[in-house]
There are 2 protein chains.
Amino acid sequence: MIMKNVKLLLESKNIRPSFQRLKIYKLLAETKEHPSVETIYNELKEEIPSLSKMTIYNTLELFVEKKLARLITIEENEARFDAITTIHGHFKCTKCGRILDFPIDESLLPNPGNGFTVNDVDFFVRGICPGCRN
Amino acid sequence: MIMKNVKLLLESKNIRPSFQRLKIYKLLAETKEHPSVETIYNELKEEIPSLSKMTIYNTLELFVEKKLARLITIEENEARFDAITTIHGHFKCTKCGRILDFPIDESLLPNPGNGFTVNDVDFFVRGICPGCRN
DNA sequence: TTGAATTTTATAAAGATTCAAAATATAATA
DNA sequence: TATTATATTTTGAATCTTTATAAAATTCAA
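Below: a short report on this structure. (Residues numbered from 1 in each chain as written. Chains lettered and ligands numbered in written order. Predicted model: local features only at pLDDT ≥ 70, side-chain atom pairs only at ≥ 80, totals over all residues. Heavy atoms only, no water.)

The next point concerns the interface of chain A and chain B. If you look at the interface, chain A gives 32 residues, while chain B gives 32 residues. Taken together, the two surfaces of chain A and chain B that pack against each other cover about 2900 Å², and 60% of this comes from carbon and sulfur. D122(B) is the salt-bridge partner of R126(A), the closest N and O atoms lying 2.9 Å from each other. Applying the counting rule to chain A against chain B returns 13 residue pairs in polar contact (both at pLDDT 80 or more). Going through the elements one at a time, β4 (99-102), β5 (117-128) and α5 (130-133) of chain A are the ones with two or more residues in the side of chain A that touches chain B. Broken down by element, the residue count for the side of chain A that touches chain B peaks at 12 residues, all from β5(A). (Contact = heavy atoms within 4.5 Å. Buried area = accessible area lost by both parts, 1.4 Å probe. Salt bridge = Lys/Arg side-chain N within 4 Å of Asp/Glu carboxyl O. Polar contact = N/O pair within 3.5 Å; in protein donor to acceptor, adjacent residues only side chain to side chain. Helix = DSSP H or I, 4+ residues; strand = E, 2+ residues; numbered from the N terminus.)

Okay, here's the thing in structure tokens:
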């Protein structure tokens, strides 16, 4: 993803495209690893030595608010993030620890029932991935 | 749920039915609130003044291991627990904060695909509950 | 270029969880 | 019953993630 497009995307959501925000979004969009704050920090601190974790927390919170990112609570301890905001499932391999995306048919999703307003759906599966089974 | 049956249940899972474990299981089984460690601690400390949170952490971990309880990660910060271990959905009302159960048709559940071993499924929905909409 | 608003940074504080060791309770054996 | 071994609980400190606060730096517009 080229920077110019990241910039346009943030601006389309009324987010000022600061250097840090651009870098954080670009990283998130280019990885499939569902990184934590810690991971993002480690990936970027070489390029941005002044970077503080607080900036990452603030930025991700802003992205989630503006629906540029999703917060994933599949891990017990730390928040994970995903730049893909359309509905999809998350598979966590309890052996290698990776979190993988998989498509889900939205029309088949369970529904809490009449009278409930649904704003957000998470579908988490835990088990062993094909690579770890061999 | 009477204590005798709690005792039998724990014993059937090879868990020594200590006083603390019995009380913690009974509380978890009799509430629909999906309590946190903190909540369980506050509920029980009057009856068991010596109780420590560490015991609750240890006990719940043991229960989850032995499939007497489920760990629910719908909250960003704290772990919640549920004595119902069969597959069902969780709805979190972002207004009143309550976490409610709802049934889901297991045969319709999305599947990560061939080659994946599935051990555990979580289905979380966030939104507004009927009570809070009025 | 100046000044106001925003963003980033550094530091501290809070909250949840884990660790290690001591104290207590339970079970097994003599 | 007394003794010993084992399991459980408690305590207090440590760690880890996240949040709060305020100062410093940066950006933007006049």
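In the region of DNA strand D, 16 residues are neighbours, and Y57(A), A79(A), S18(B), R21(B) and S50(B) sit closest. A breakdown of the atoms of DNA strand D within 4 Å of the protein gives sugar and phosphate a share of 78%. With respect to DNA strand D, the side chain of R16(B) contributes an N or O atom lying 3.3 Å from a sugar or linking oxygen. Within the contact set of DNA strand D, a phosphate oxygen lies 3.5 Å away from a backbone nitrogen or oxygen of L51(B). Mapped by element, the contributors of at least two residues to the surface near DNA strand D are α4 (53-65) of chain A together with α2 (19-30) and α4 (53-65) of chain B. Among the residues forming the surface near DNA strand D, the class breakdown is five nonpolar, seven polar and four charged. (Near = heavy atom within 4 Å. Nonpolar A, V, L, I, M, F, W, Y, C, P; charged D, E, K, R; others polar.)

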